[in-house]
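# Residue-level structural notes
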Amino acid sequence: MSYSSICTYYGRMYEAKFLLGAIAAAMTKSDKLGYVADYPIFGTLANINAFAMGARMINPYVKVYLEWSRTRTSTPLARLEEAGITYISGEEMITPDRASREYGLYVKHRDGTLENLAAPIWHWGKFYERIVKSVCRGAGELQGMKGKKAVNYWWGMSAEVIDVIYSQNLPHGIHRLIDFLKHSIRAGSFHPFDGLIYSQNGKIQCEEGGSLSAEQIISMDWLAENVIGEIPAFEELTDEAQALVRLQGVRVDEIGGREE
């Protein structure tokens, strides 16, 4: 959320999710992948779509089955298991209240055991170091911004604040693929949302030869054509999720806010 005189910061997590999608599609023998999302807010949909784009780059026939964990009747993992989906993108990291291994990209084997394949990470030290250096370099400029548009820091792999770690047990060819994609994203020669992109309703969201801007990515309110699922309605969400969606939700129009 951007406010006058308040600088904000976040990471381009969609870059990491793109790599996880590529790994998942390269590892699975199926055309089905699972994705468990939490809140239908701006940024979350970019992560979902990036995962789907990364998977489709490896396998043009792959489908990403989307489930939400913050709805009142939520049983996302059970639903994915019923569909026979074993490769799943879950929460970004281990959370203290759950301490589950169902985070990052993992595969659930038939015997019920989980194997973690890859996960996005934040280099918070580099993040804060960059912010402090930026403030020190432009202290005078920032002081003069009072009452004007504030600065929003949104860094990713090129700034070395977002990365993906992956299991050394992955095939050597996948190691090479992910290292190549990482280098290309960092160098700016590759962009996860480049080229022709369709949304679920068949609408062209990005033209051939084009690239989505940062504003188009962060304000994304649609799902890619190879995503099976939908954005939950406001009344389907838990009380906690509703409070957050009122501020940052992509479907605020459903609760009397801005139109979609």
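All values reported here derive from a predicted model rather than from experimental measurement. (Residues numbered from 1 in each chain as written. Predicted model: local features only at pLDDT ≥ 70, side-chain atom pairs only at ≥ 80, totals over all residues. Heavy atoms only, no water.)

## Looking at a nonpolar patch on the surface
A contiguous nonpolar patch, built from Y9, W124 and Y128 and spanning about 310 Å² of accessible area, is present on the exposed surface. Among the structural elements, Y9 can be located in strand 1 (residues 8-11). A relative accessible area of 40% means that Y9 is categorised as partly exposed. (Patch = residues over 30% accessible without salt bridge, like charges linked within 9 Å, V, L, I, M, F, W, Y side chains within 5 Å. Areas by Shrake-Rupley, 256 points an atom, 1.4 Å probe, with all protein chains shown as cover. Salt bridge = Lys/Arg side-chain N within 4 Å of Asp/Glu carboxyl O. Helix = DSSP H or I, 4+ residues; strand = E, 2+ residues; numbered from the N terminus. Buried < 20%, exposed > 50% of the residue type's maximum accessible area, 1.4 Å probe, protein only.)

## Focus on the packing of aromatic side chains
Applying the stated rule across the entire model yields 10 aromatic pairs. Look at Y14 and F193: their rings are 5.6 Å apart centre to centre, the planes differ by 40°, and that puts the pair in the tilted class. Of this pair, Y14 sits in helix 1 (residues 13-27) while F193 sits in the loop between helix 6 (172-187) and strand 9 (197-198); the two residues are 179 residues apart in sequence, bridging distant segments of the chain. Assessed through its relative accessible area of 0%, F193 is described here as buried. When the centroid spacing of 5.5 Å and the interplanar angle of 55° are considered together, the rings of F18 and F190 count as tilted. Here F18 is found in helix 1, whereas its partner F190 is found in the loop between helix 6 and strand 9, with 172 residues between them in sequence. Looking at F190, the relative accessible area reads 26%, which means it is partly exposed. Grouping aromatic residues by their ring pairs yields a cluster made of Y10, W122, W124, F127, Y128 and W155. The side chain of R130 reaches across the aromatic face of W155, ending 5.8 Å from its centre. (Phe/Tyr/Trp six-rings, centres within 6.5 Å; stacked < 30°, edge-to-face > 60°. Lys NZ or Arg CZ within 6 Å of the ring centre and 35° of its normal.)

## Topic: the pairing of strand 5 (residues 105-108)
One ladder, built from 3 bridges, connects strand 4 (residues 87-89) with strand 5; its direction is antiparallel. Looking at strand 5, one finds that I88 is bridged to Y106. The sheet contact formed by strand 5 and strand 6 (residues 114-122) spans 4 bridges and is antiparallel. By the bridge assignment, Y106 is partnered in strand 6 with N116. Connecting strand 5 to the antiparallel partner strand 6 that follows it, the hairpin turn spans 5 residues, and G112 within it adopts a positive phi of roughly 90°. (Pairing = 2+ DSSP bridges.)

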